[in-house]
Amino acid sequence: MASKKIIAICQSGGEFVTNNEDGTLTYTGGEAYALDIDDQTVLADFKKEVAENFQFATEGMTIKYFLPGNKKTLITISKDKDLKRMINFFKDADQVEIFIIYDEAVVRNVPNVSASRSTTASEAALTPPTPVDMIHCDDLLGANASIDTTPLCSYPGHNEENMEKHRRAATQWENTITGVGQRFNSFAEFREALHKYSIAHGFTYRYKKNDSRRVTAKCKAEGCSWCIYASRLPTTQLICIKKMNAKHTCDGAAVKAGYRSTRGWMGSIIKEKLKVAPNYKPKDIAKDIEREYGIQLNYSQARRAKEKAREQLQGSFKEAYSQLPLFCEKIRETNPGSVATIVTKEDSSFHRLFIAFHASISGFQQGCRPLLFLDSILLYAKYQGTLLAAVGVDGNDGVFPVAFAVVDEETGDNWHWFLSELKSAVPTSCPITFVSDSQRGIRESLQNVFGEQCYHGFCLRYLAEKLNNDLKGQFSHEARRLMIQDLCAAACASKLESFDRCVENLKAISPEVYNWVTRSEPEHWANAYFGGARYGHLTSNFGQLFYDWVVEVNELPITQMVDALRGKIMELIYTRRVDSSQWVTPLTPVMEQKLQSETSRARSLQVLPSHGSTFEVRGESAEVVDIDQWDCSCREWQLNGLPCCHAIAVIECLGRSPYDHCSRYFSTETYHVTYAESINPIPNLEKPIKGEPDMDHVAIVVTPPPTKRPPGRPKMKKADTFDIVKRQMQCSKCKGLGHNKKTCGKVNNIDESDPLLLTGLVTGELEGNAGSLDSSSPM
């Protein structure tokens, strides 16, 4: 049996009026439209038909109705279940009144309105039909945005200067519409210009026609002659104003100072601010919007507004993923020899992207030391992700980006894939030294991918943090700081004797610390044991310059982020090529300074011949130099690639040039080779039209990864410093850690028969002993 049809009288554009005697509500004004509904009606279809009739977008639409016999309470329909419940309420009636509200503001002085939001007639009148690609106030601000629609002149504390700012904010849009013949790139651009124009001139309008072929709008005041008509120019994508009557026969233009805030206006304001300051902070946006326009936003609302406005300016984050295959193809076309690889999951969602430009590949192979730093940076765009980076060092100790990848998350599998791609893109004939932490699968991936063709040096910062965290709570602030200092000294020590001396200092602090260090595999971090060459660079965040670039652009859509990094690398290569063309020294400036410093130290040394190419050099210590093997017993020559003071003393004694005994990586000539290749620009990606060759050629359609922004404040990259020991609370009486004298059990005669308090007290005594650095204390 067919379900009963009910006529839904849909009303919009009017206002609710409150009866002061009984508090009931009456809806007056506006337009009405009738349609049939039943219990099979789907809310999405219902909203679509209503939107088509009133020429609204479905986004931001609120649907409400009165309960039978109750004109005081409005009920909101937000899902299919709500719609079916309403139909059930009115199953014995022939019709139901439904109110379509298209704004956020709440009717003032309306009692007993439950779970509803409604607008006044004047506010609804100011809301034009909003195309889908415009920013909606609902989306930007949320349900609790405070939008003050009081005329600016009545704001408490608003002086003439503030009023003038508000007037300037509106009058800057007076000429967004100039008249017949004006052209626009799209209907969206025309609609936005028309909306700004109406705000600046203080009138409201309504669309008579609003589709993909033409737009006709008239002043909303009854009988007013103002109108405008725009349509697409034949054989082009341009939109042109064909007709316009710019004169008003109503008095709407007289309320210029009292214009009100609307969703299109809000979006335009935020977009304009982002054009000037792309790194505009949400708190500053909220503060400026409130000061200049009287609209109060909290931090979350301002952040959402910024994200959506940025998406309007920079393009869709979702579309950026669909453009990745074409983008990779453009990279390979414009920069031959580059590697740009994209991998998707079985459901075509984004998995990982690898980028290595030919100029970076060639520069690393021809001029950089076989040394790479691996690190990761969290991304905070809409779909999150992680950037994995491999950064090299040029001959002037400058950061040289080699390759990077964007992956859905940091895992051992993604690191293995990244290193595999890196090995294929940047093949070398000699083993490479990698510096990184030993977590998240990097260590295993290096062993599996490079095997014996690499050395893995642990990042000293990572090691120091691990020592501090593992022993935190057992030692005082001063003791832990000394431990970190001795650990760094042990890592930098070039000789085994020096390393052992530093480790003995740690043992004097605590045998537990000594055992920790001996178990930490010194062959991966101590110069005295390490088999590779790190050239004095011991931390993985050497590439801070590149990581700072990533932080600047990591909120962009993925294609724009990659292209922004490409632009940064392109500029870096060009700038260093130009700067180095002025160098006149055999070595790069940094290495030349280091060599001259060692040469000055060599003047006070005494050289004694031994046999063949071997010499003894005496100074503060006696060192043995084999000039033919480029070897010194101090090991500084082997570690750094530059002759140490002992070697220079021998070289000058023999009448040779120290420049002939420097690593080729430090020469100005090699530096020129490093930056000989250029990175070429990539043309802007245009969205392919179905049927075009690009669309047919790119078979894969990439969708965004199913990731969400993690809660809390984004974790920022730490600076390259070892000041990682934070001071703990320490009792001034018993010297224990984790409490003060007010809560100290000894001072306050706390009942020590309590096992929990006794345990804490004993721990405090042990920590106090550690704090005094007494090596005889039991640990």
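Residues numbered from 1 in each chain as written. Predicted model: local features only at pLDDT ≥ 70, side-chain atom pairs only at ≥ 80, totals over all residues. Heavy atoms only, no water.

### Section: the overall build of the protein chain
Looking only at helices and strands, one finds 26 helices and 25 strands in the protein chain. The buried share among the 779 residues of the protein chain stands at 49%. Within the protein chain, contacts between residues separated by at least 24 positions form 64% of all contacts whose residues are at least 6 apart in sequence. As presented, the protein chain carries roughly 37,600 Å² of accessible surface, and 49% of it is formed by carbon and sulfur atoms. (Helix = DSSP H or I, 4+ residues; strand = E, 2+ residues; numbered from the N terminus. Buried < 20%, exposed > 50% of the residue type's maximum accessible area, 1.4 Å probe, protein only. Contact = heavy atoms within 4.5 Å. Areas by Shrake-Rupley, 256 points an atom, 1.4 Å probe, with all protein chains shown as cover.)

### Things to note about the nonpolar core
Soluble, globular proteins show a tendency: their nonpolar side chains are buried together. Counting 99 residues, the largest nonpolar core has Leu387, Phe418, Leu422 and Phe546 as the members making the most contacts within it. Among the elements that line this core, the one with the most residues is strand β19 (residues 399–407), at 8 residues. Counting the residues that make up this core, at least three belong to each of domain 4 (318–458 + 541–571) and domain 6 (589–666). What phenylalanine 546 contacts, discounting residues up to four positions off in sequence, is Leu387, Ala389, Val391, Val399, Pro401, Phe404, Leu565 and Ile569. (Core = buried A, V, L, I, M, F, W, Y, C linked by side-chain atoms within 4.5 Å. Domains from an automatic or database assignment.)

### Things to note about the sheet that holds strand β18 (residues 386–393)
Strand order in this open sheet of 7 strands is β15-β16-β19-β18-β17-β20-β21, and the pairing throughout is mixed. The strands lining the two open edges of the sheet, one partner per strand, are β15 (339–344) and β21 (454–458). Direction aside, neighbouring strands of the sheet carry axes that sit 20° apart on average. Against the sheet, helix α13 (residues 412–425) touches β15, β16 (350–356), β17 (371–378), β18, β19 and β20 (432–436), its axis set at about 30° to β16. Across the face of the sheet, helix α19 (residues 544–553) comes into contact with β17, β18 and β19 while running at roughly 150° to β18. (Pairing = 2+ DSSP bridges. Axes fitted to C-alpha atoms, helices over the stretch in contact; angles between N-to-C directions.)

### Observations regarding the sheet that holds strand β9 (residues 183–184)
Across the sheet, 5 strands lie side by side as β9-β13-β12-β11-β10; this open sheet has antiparallel pairing. Each edge of the open sheet is held by one strand with a lone partner, namely β9 and β10 (205–210). With 2 bridges joining them, β9 and strand β13 (residues 239–245) adopt antiparallel strand pairing. Bridge pairing in β13 links phenylalanine 184 to isoleucine 239. The strands touched by helix α6 (residues 187–201) are β9, β10, β11 (214–219), β12 (227–232) and β13; relative to β10, the strand with the most contacts, the crossing angle is about 160°.

### What to know about the environment of glutamine 366
Mapped onto the elements, glutamine 366 comes out in helix α12 (residues 358–367). The class for glutamine 366 is partly exposed, based on a relative accessible area of 43%. Sequence-wise, glutamine 366 and valine 673 are 307 residues apart; in three dimensions their C-alpha atoms are separated by 6.6 Å. Excluding its chain neighbours within four sequence positions, the residues that come into contact with glutamine 366 are Arg664, Thr670 and Val673.

### Here's the deal with the UniProt feature "domain: SWIM-type" (unreviewed entry) in the protein chain
Residues given the UniProt feature "domain: SWIM-type" (unreviewed entry) here are residues 623–655. Between the end C-alpha atoms of residues 623–655 the distance is 20 Å, and the span holds 42% helix and 18% strand. (UniProt positions renumbered as here; feature names shortened; annotations may be inferred.)

### With respect to unusual backbone geometry
Although it is not a glycine, glutamate 521 sits at a positive phi angle of roughly 60°. Structurally, glutamate 521 is set in the loop between α18 (511–518) and α19. Residue glutamate 521 is classed as partly exposed on the basis of its relative accessible area of 25%. Although it is not a glycine, tryptophan 630 sits at a positive phi angle of roughly 55°. One can find tryptophan 630 in the loop between β24 (622–626) and β25 (631–632).

### Quick notes on the pattern of salt bridges
It is possible for side chains bearing opposite charge to pair when their charged atoms get close. With the rule as written, the count across this model stands at 18 salt bridges. Notably, a salt bridge pairs arginine 576 with aspartate 394, separated by 3.1 Å at the nearest N-O pair. With a gap of 182 residues between them, arginine 576 in helix α20 (residues 558–580) and aspartate 394 in the loop between β18 and β19 connect regions that are remote in the sequence. Each member of the pair, arginine 576 as well as aspartate 394, is classed as buried. The network of salt bridges with shared partners includes Lys79, Asp82 and Arg85. (Salt bridge = Lys/Arg side-chain N within 4 Å of Asp/Glu carboxyl O.)

### Some words on the confidence of the model for the protein chain
A residue-level look at the protein chain finds 76% of positions with pLDDT of 70 or above and a mean pLDDT of 77. Scored below 50 in pLDDT, residues 104–159 shows 137 contacts in the model against residues more than four places distant or in partner chains. Contacts for the low-pLDDT stretch residues 717–722, under 50 throughout, to residues beyond four places or in other chains number 19 contacts. (pLDDT = per-residue confidence, 0-100.)

### A short note on α6
The terminal C-alpha atoms of α6 lie 21 Å apart, and with 15 residues this matches the ideal 21 Å at 1.5 Å per residue to within 8%. With 13 of 15 residues buried, α6 is to be regarded as a mostly interior element. Just past α6, the residue glycine 202 takes up positive phi, approximately 70°. (Expected span 1.5 Å × (residues − 1).)

### What to know about the pairing of β17
With respect to burial, β17 is a largely interior element, 7 of its 8 residues being buried. When β17 meets β18, the two strands line up antiparallel, connected through 6 bridges. Along β18, the bridge assignment pairs leucine 378 with threonine 386.

### Side note on the side chain of arginine 576
In this structure arginine 576 comes out as buried when scored by relative accessible area, which is 15%. If near-sequence neighbours (up to four positions away) are discounted, arginine 576 is found in contact with Asp394, Gly398, Val399, Leu545, Tyr671 and Tyr675.

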